[in-house]
Amino acid sequence: MTDLHCHILPGVDDGPWAMEGSVELARELAAAGVRTVAATPHLREDHPGVAPAELAGRCRELAAELERAGVALEVVSGAEVDLFWALEASDADLRLASYGGRGSDLLVETPYGPLLASFEEQLLSLCRRGFRVLLAHPERNPSFQAEPERLAGLVRRGVLVQVTAGSLLRPRRSRSGGLARSLLGEGLAHVIASDAHGASSGPTARPPGWEGLEVARSLVGAAQAEWLASDAPRALLEGEELPARPPVRRSRWSFLRGR
């Protein structure tokens, strides 16, 4: 698997405080089957320790430490970019924040509060600047929960959607869990990622939650779950077009459970 959203870099945002915590998180990711992780610290006003020019170097430092620790996990640079930060950022800084510094694909954080009426136009302005946008965890947003058509409209206009694996573990009657399942079932999600902030036992514990992939398999079938966790994320890292999406294959059990 390729995890495109993970706060694994030590001491920069609300992820692990020290390198030891990053290594422990990396071990959990590798044990879950992740082979490549994008380090995506927050780029926003309340995390001044995150600097675009330092992202690649910090990833190299982590990769070297993982090699010494015997953890087989490739680390690629990236960031989870706040929309307001991005609107003010230079093209050069946005390129540094993109996956691998390629300047093609950008992970943008969905706000947690109600969305402004201008949200869509502001987000699409990044697309017009030449970036393919992957929208992080929209299932958590109250505006999208109340009006999922707003999100569907963005997808029709080329925005990609990342659902968090842990959201699929929430009860389907919960707002975020229900929307996450709907996004998968309706083909509106393109990536499943962890949004992990720490290992299971660490002080910043928000573990990977990749057990949610089993829920995805029950919802849309093994082939599409693989596409969401491996094929599509790899294409984004390489700046390529997404491969063809396999058809949804609902299991009899997921149908009986009303998912």
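Residues numbered from 1 in each chain as written. Predicted model: local features only at pLDDT ≥ 70, side-chain atom pairs only at ≥ 80, totals over all residues. Heavy atoms only, no water.

A. Here's a closer look at the pairing of strand E7 (residues 132-136). In terms of residue burial, E7 counts as a mostly covered element, since 5 of its 5 residues are buried. Judged from the 5 bridges that link them, strand E6 (residues 105-109) and E7 form a sheet pairing that is parallel. Opposite Leu-106, over in E7, you have Val-133 as the bridge partner. With helix H5 (residues 119-128) bridging E6 and its parallel neighbour E7, the resulting β-α-β unit is right-handed. (Buried < 20%, exposed > 50% of the residue type's maximum accessible area, 1.4 Å probe, protein only. Helix = DSSP H or I, 4+ residues; strand = E, 2+ residues; numbered from the N terminus. Pairing = 2+ DSSP bridges. Right-handed = clockwise from strand over helix to strand, strands pointing away.)

B. Region of the structure containing the packing of aromatic side chains. In the structure shown here, the tally under the stated rule is 1 aromatic pair. For the ring pair Phe-119 and Phe-144, a centre distance of 6.1 Å and an interplane angle of 75° mean the geometry is edge-to-face. With Phe-119 in helix H5 and Phe-144 in helix H6 (residues 142-146), this residue pair connects regions lying 25 residues apart in the sequence. In this structure Phe-119 comes out as buried when scored by relative accessible area, which is 2%. (Phe/Tyr/Trp six-rings, centres within 6.5 Å; stacked < 30°, edge-to-face > 60°.)

C. Local environment of the pattern of salt bridges. Evaluation of the coordinates by the stated rule reveals 14 salt bridges. Of the charged contacts, one joins Glu-65 and Arg-68 as a salt bridge, the two residues approaching to 2.7 Å between their closest N and O atoms. One end of the pair, Glu-65, and the other, Arg-68, are both in helix H2 (residues 55-69), 3 residues apart, so they sit about a helical turn from each other. Note that Arg-206 is salt-bridged to Asp-195, the shortest N-O span being 3.4 Å. In this pair, Arg-206 is assigned in the loop between strand E9 (191-193) and helix H9 (212-220) and Asp-195 in the loop between E9 and H9, connecting sequence segments 11 residues apart. A relative accessible area of 1% places Asp-195 in the buried class. Three or more residues joined by partner-sharing salt bridges are found here, namely Arg-44, Asp-46 and Glu-109. (Salt bridge = Lys/Arg side-chain N within 4 Å of Asp/Glu carboxyl O.)

D. Spatial organisation of unusual backbone geometry. For His-137, which is not a glycine, the phi torsion comes out positive at approximately 35°. Following the sequence through the fold, His-137 ends up in the loop between E7 and H6.

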